[in-house]
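Residue-level structure breakdown
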Amino acid sequence: MTFSLRDQLSNQLRSLRRYALALARNRDDAEDLVQETLVRAISGSRTFRPNGDLRSWLFGILHNVHVNGVRREQVRARGASAIEAMSSGQMPPNQPDHVELMRTIKAFSTLPDEQRRVLTLVAVEGMSYQEAARQLDIPLGTLMSRLARGREALRVEMGHREMGRRDHAQTALRAVR
């Protein structure tokens, strides 16, 4: 007389519930574990070997479901504590940075193609002047000239007359990456 999978699973319910209660330490959570175990066992029944130990297979599924739930809760707890830490501290609003970035992108799009290509390779992609000149197949002096004109055009368009050594457009464009 052969038993159906349903009958075999029913015979294991008491053991599964006891083991789930030992793992979860809470009757409701234990019942959820057993239910999830049965769902996974039924949906994955083709992976069970007919001559294998059904009880061991089910306990393995139950254990894995429990471990995955514990890990999920740990991730949630870490995320919640990180959000709490961020919300309790004073974080400056990012709207001014966003507005400045959008202004920079708009100004960047008005540049002539040759200046935009040079600025993209050097300021955004971080290529050296030599690498960018090779990439564009132009002399180094031409690259330097286009770069200087492009940076100055951005400064004028953005209203930054005196930027000192640090190129504001380069900083803003790196934020796009």
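Residues numbered from 1 in each chain as written. Predicted model: local features only at pLDDT ≥ 70, side-chain atom pairs only at ≥ 80, totals over all residues. Heavy atoms only, no water.

Before going further, it helps to spend a moment on the layout of surface pockets. The calculated volume of the largest pocket comes to roughly 320 Å³. Around the largest pocket sit 13 residues that line it, and Leu33, Val65, His66, Gly69 and Arg72 are the ones nearest its centre. No other element matches the seven residues that helix H3 (residues 54-88) contributes to the lining of the largest pocket. When grouped by side-chain class, the residues that make up the lining of the largest pocket number four nonpolar, two polar and seven charged. (1 Å grid on protein atoms, 1.4 Å probe; cavity = no way out; pocket = protein on both sides within 12 Å on 5 of 7 lines; lining within 4 Å. Points joined across faces, edges and corners; volume = space filled by probe spheres on them. Helix = DSSP H or I, 4+ residues; strand = E, 2+ residues; numbered from the N terminus. Nonpolar A, V, L, I, M, F, W, Y, C, P; charged D, E, K, R; others polar.)

Turning our eyes to something else, we now look at the packing of aromatic side chains. Applying the stated criterion to the full structure yields two aromatic pairs. Plain terms: the ring middles of Phe48 and Trp57 are 5.0 Å apart, the flat faces sit at 45 degrees to each other, and that makes the pair tilted. (Phe/Tyr/Trp six-rings, centres within 6.5 Å; stacked < 30°, edge-to-face > 60°.)

Averaged over every residue, the pLDDT of the chain is 82; residues scoring 70 or more account for 82%. Mean pLDDT values over the elements of the chain span from 53, in helix H8 (residues 168-174), up to 93, in helix H2 (residues 27-43). Throughout residues 162-166 the model reports pLDDT below 50, and contacts reaching past four residues in sequence, or to other chains, amount to three contacts. (pLDDT = per-residue confidence, 0-100. Contact = heavy atoms within 4.5 Å.)

Attention shifts here to unusual backbone geometry. At Arg25, a position not held by glycine, the phi torsion is positive, near 60 degrees. Tracing the backbone shows Arg25 in the loop between helix H1 (5-24) and H2. Its relative accessible area of 75% is what places Arg25 among the exposed residues. Located in the positive-phi region is Asp137, a residue other than glycine, with phi close to 55 degrees. Considering the arrangement of structural elements, one finds Asp137 in the loop between helix H6 (129-136) and helix H7 (140-158). (Buried < 20%, exposed > 50% of the residue type's maximum accessible area, 1.4 Å probe, protein only.)

Tracing the backbone through its elements, the reader meets His66 in helix H3. Setting aside residues no more than four positions away along its own chain, His66 makes contact with Leu23, Ala24 and Leu33.

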